[in-house]
Structures are given as structure tokens and as C-alpha cells.
Amino acid sequence: MPTIVVDVMPKPEILDPQGKAIAGALPRLGFTGFAAVRQGKRFELTVDGEVTDEVLAHAREAAEQLLSNPVIEDVVNVEVLPDAAGHPAEGPTA
Amino acid sequence: MSTDLPLIGDFSTAGPVLTGARVGVVTFPGTLDDRDAARAVRLAGGEPVALWHAETDGGAALSSLDAVIIPGGFSYGDYLRAGAISRFAPLMDAIIAAAGGRDGSGSGLPVLGICNGFQILTEAHLLPGSMIKNDHLKFICRDQALRVENNATAWTRDFGTGEEITVPLKNQDGQYVADEHTLDELEGEGRVVFRYVGWNPNGSRRDIAGISNAAGNVVGLMPHPEHAVEAGFGPDSDHGMRMGTDGLGVFTSVLASIAGETK
């Protein structure tokens, strides 16, 4: 079944305490050269049937209404996931 | 011989109802402080009424109530975002409507959100802004000093303006954030109701601990007034260990507001 991916990130002007903590841990493990880390959320919506324009529009609506809080987060990506064989997604993409 | 016993605490739940005011207390899956909030209402002299989040006829459930409290806890385990799922509970639509809608106009039903209840009210857009994780990333539990910045709301009229109170604070996602324009608006309209004093425990913008809607009937705050309503079980105070009852004023305030309305 096709899957729609929704990526949500904290707004740039909102301090991301979790990302900051991760950024602090990286150099302790020897991973230097990363100036900052921001942590977001990825949702995978499995679609029962074909991904039509309407389904994709619903996914976008859900992303704005429930999956993200517009006060502190941005929906940065809504796209149809390529299938397991790596074929490009059928139907419309974001 | 009960008169010989030291009066440490009255554990009975059936106290006298002084005002006849009925205050609903909402329970969601994962709510923790509903019993404490109900007890605070009773100690203040009102009658607490249990409300279940899945109540589908919310209008009828609220019609006999004078105010509603959305208590603290971890509704739905804070999954997705704190308050994000509770906000869509069937009862919430009725509460939003009874409170006067999202534009904050009119004088609607007094609604108080404490901690997770505050988070639910922001997710429901009854109050502006949002809460993110504490800036130090730790759960925090302490007695916290607050300043009452606005005593004109339904929930603060028994306090003096600028009065300092101490009530427990306990949360993980307590950092209040909003854009600068919203913060300026809140400050300009006197809608910052409570501010942290002495120390900002979570990185909240402008030390904000609690805010109201424009009409002043909807108030949300992160600290817990319902845990400071009974001598022997509250924060330490000048009167002795655990003797702080500063939170009681929140609950007597709403009863006074209700009584004032019906005069």
C-alpha cells in the first residue's frame, strides 16, 4: 500500500531544546563539524488504495490540523513514498 | 472525643457547599490532577462535577455548570504534542463554544486550564501561543513563586494585583512560547495573568506562567494552584512546613465571579 510521508520541523525562530542537546552530544562522540542540530518529526500515512490528488490534499490538511501545531511547527514536506522496489511513486507528488 | 484530636486535616470529601456554584472538572485518559482540582473546588466552597472527555452531549453536560476546570496530567501520554489529541475530544467542542469561541469575545463560561489543561487550551486555540520542552530538558517539580499580574480575570479576582503567591510547579513541557507580536499583544492588553518570580524555571518567554483570553474568562497556567489549597499539604510558607494555601484564591475567585454574575 502506498505511503505518504509528512515531515514536521520546529519553526526556525523557536528554540529547539532537544536539537540543542543532541548538538552538545555529537562532539563528545567525536562527530565534529556540525554547527547545529534541529529535531523534527516524520509521519508515515499508509493509504488504503490509490494516492489521488484528493487523498494528498487530505494528508496536507491533516498535517496542518493535527500533525503539526502552526504556532511552533512548520510542515516542511508532504510526499508520496516510492515503493519498496524503489520505483518512483505513482500518482501525483508533492 | 474527637475534640481531643489535633486538627491536622479533614479527610472527608463531603464538605459543606457554600455557594451552590457547580464547577465541572474534566477527566481525559491520562489526567492526573482531576481529584485534586475537585477537592480544591470543594474546599473553596463550590460543588465539583466530574466531566468525561468523551461526553458527546457536551452542551447538555455544561448547561448546568457555572465554570469548568481542565486539570493537569499527561492526557494521551503527551503523544504527538502535549494536549494535541485531547483537544479534539468530543467535550472540547462544547467547552470551546461555551467559553465564547476562539475570538475571545463576550463573557463566556469561566474555563481554567492547569498545566496539561493549559496545553490543551492552547492546542484548542482558546489561548494563544504554545508550550515546548523545558529549556533545560528536565522534568521539574518545585514550589514556585508567582506574581499575580492581572486580578481582573474570573480566576484571580480574590488576589491583589502584584500579589506574590507560591504554588507547586511540575512539568516537562512548560516553556511558554509565542511570536513577539502575540507576546506584545498579551502584555499590552494585560493578559499576562501570572509571571514567574525570582527564577524562570523553564525558559518561558517573558517569564510568563499564565495568560488569559481577551474577555478574561479563560485562563491557563502551568503551575498547580490546586496543590496549594490545604494546610499540611501545600508548599512551605511563613506559617510553617507544608502550610501554604496560596492556590485557594484561584478557586474562591471563580466562585466569587459566579456569585457576582448572578446578583
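Definitions and limits used
Residues numbered from 1 in each chain as written. Chains lettered and ligands numbered in written order. Predicted model: local features only at pLDDT ≥ 70, side-chain atom pairs only at ≥ 80, totals over all residues. Helix = DSSP H or I, 4+ residues; strand = E, 2+ residues; numbered from the N terminus. Contact = placed C-beta atoms within 7 Å. pLDDT = per-residue confidence, 0-100. Pairing = 2+ DSSP bridges. Axes fitted to C-alpha atoms, helices over the stretch in contact; angles between N-to-C directions. Core = buried A, V, L, I, M, F, W, Y, C linked by C-beta atoms within 7 Å. Buried ≥ 20, exposed ≤ 12 C-beta atoms within 10 Å, placed from the backbone. Nonpolar A, V, L, I, M, F, W, Y, C, P; charged D, E, K, R; others polar.

Draft legend 1. Local environment of the overall build of chain A. Counting its secondary structure elements, chain A contains two helices and three strands. Mapped from its N terminus to its C terminus, chain A presents α and β elements in the order β-α-β-α-β. At a minimum sequence separation of 6, the contacts of chain A that also span at least 24 residues come to 66%.

Draft legend 2. Region of the structure containing the confidence of the model for chain B. Scored by pLDDT, chain B comes out at a mean of 91, with 90% of its residues at no less than 70. Quick note on the complex model: pTM equals 0.88, ipTM equals 0.78.

Draft legend 3. Quick peek at the sheet that holds strand β1 (residues 3-10) of chain A. Residues and elements named next belong to chain A. Strand order across the open sheet formed by three strands is β2-β1-β3, with antiparallel pairing between neighbours. Strands at the two margins of the open sheet, each flanked by one partner only, are β2 (41-46) and β3 (73-80). Across the sheet, the axes of successive neighbouring strands diverge by a mean angle of 20 degrees, strand direction being ignored. Where helix α2 (residues 53-67) meets the sheet, it contacts β1, β2 and β3, and its direction lies at approximately 30 degrees from that of β1.

Draft legend 4. Structural detail: the nonpolar core. Counting residues in hydrophobic clusters, the biggest one holds 73 residues, and the most contacted among them are Ile95(B) and Phe251(B). If near-sequence neighbours (up to four positions away) are discounted, Ile95(B) is found in contact with Gly58(B), Leu62(B), Val68(B) and Val111(B). Ile4(A), Val8(A), Val51(A) and Ala59(A) belong to the second largest nonpolar core, which has nine residues in total.

Draft legend 5. Focus on unusual backbone geometry. All names here are of chain B. With a phi close to 65 degrees, His125 is a non-glycine residue in the positive phi region. Secondary-structure assignment places His125 in the loop between α4 (116-123) and β5 (130-132). With 17 C-beta atoms packed within 10 Å, His125 lands in the partly exposed category. A positive phi is found at Asp207, a non-glycine position, where the angle reads about 60 degrees. Examined against the element boundaries, Asp207 turns out to sit in the loop between β9 (192-196) and β10 (208-212). Look at Asp207 and you get buried, because 20 C-beta atoms sit within 10 Å.

Draft legend 6. Expanded view of the sheet that holds strand β11 (residues 218-221) of chain B. Residue and element names in this part refer to chain B. Reading across the sheet, the nine strands line up as β2-β1-β3-β4-β11-β10-β9-β6-β7 and stay open at both edges, with mixed pairing between neighbours. Edge positions in the sheet fall to β2 (47-52) and β7 (164-171), since each has one partner strand and no second. Each strand of the sheet is rotated relative to its neighbour by a mean of 25 degrees, with strand direction disregarded. Of the strand pairs in this sheet, strand β1 (residues 22-27) and strand β3 (residues 67-70) are connected by three bridges, and their pairing is parallel. Across the sheet, Gly24 pairs through a bridge with Val68, a residue of β3. Against the sheet, helix α1 (residues 34-44) engages β1, β2, β3 and β4 (111-114), with an angle of about 175 degrees to β1.

Draft legend 7. Just the environment of Glu123(B), in detail. Structurally, Glu123(B) is set in helix α4. Under the C-beta neighbour-count criterion, Glu123(B) is labelled buried, with 24 such atoms within 10 Å. Among residues more than four places away in sequence, those in contact with Glu123(B) are Asn69(A), Arg81(B), Gly83(B), Ala84(B) and Arg87(B).

Draft legend 8. Just the interface of chain A and chain B, in detail. Listed per partner, the contact involves nine residues of chain A and twelve residues of chain B. Looking at the side of chain A that touches chain B, the element that brings in the most residues is helix α1 (residues 17-25) of chain A, giving three residues. Residue composition of the side of chain A that touches chain B, grouped by class: seven nonpolar, two polar and no charged.

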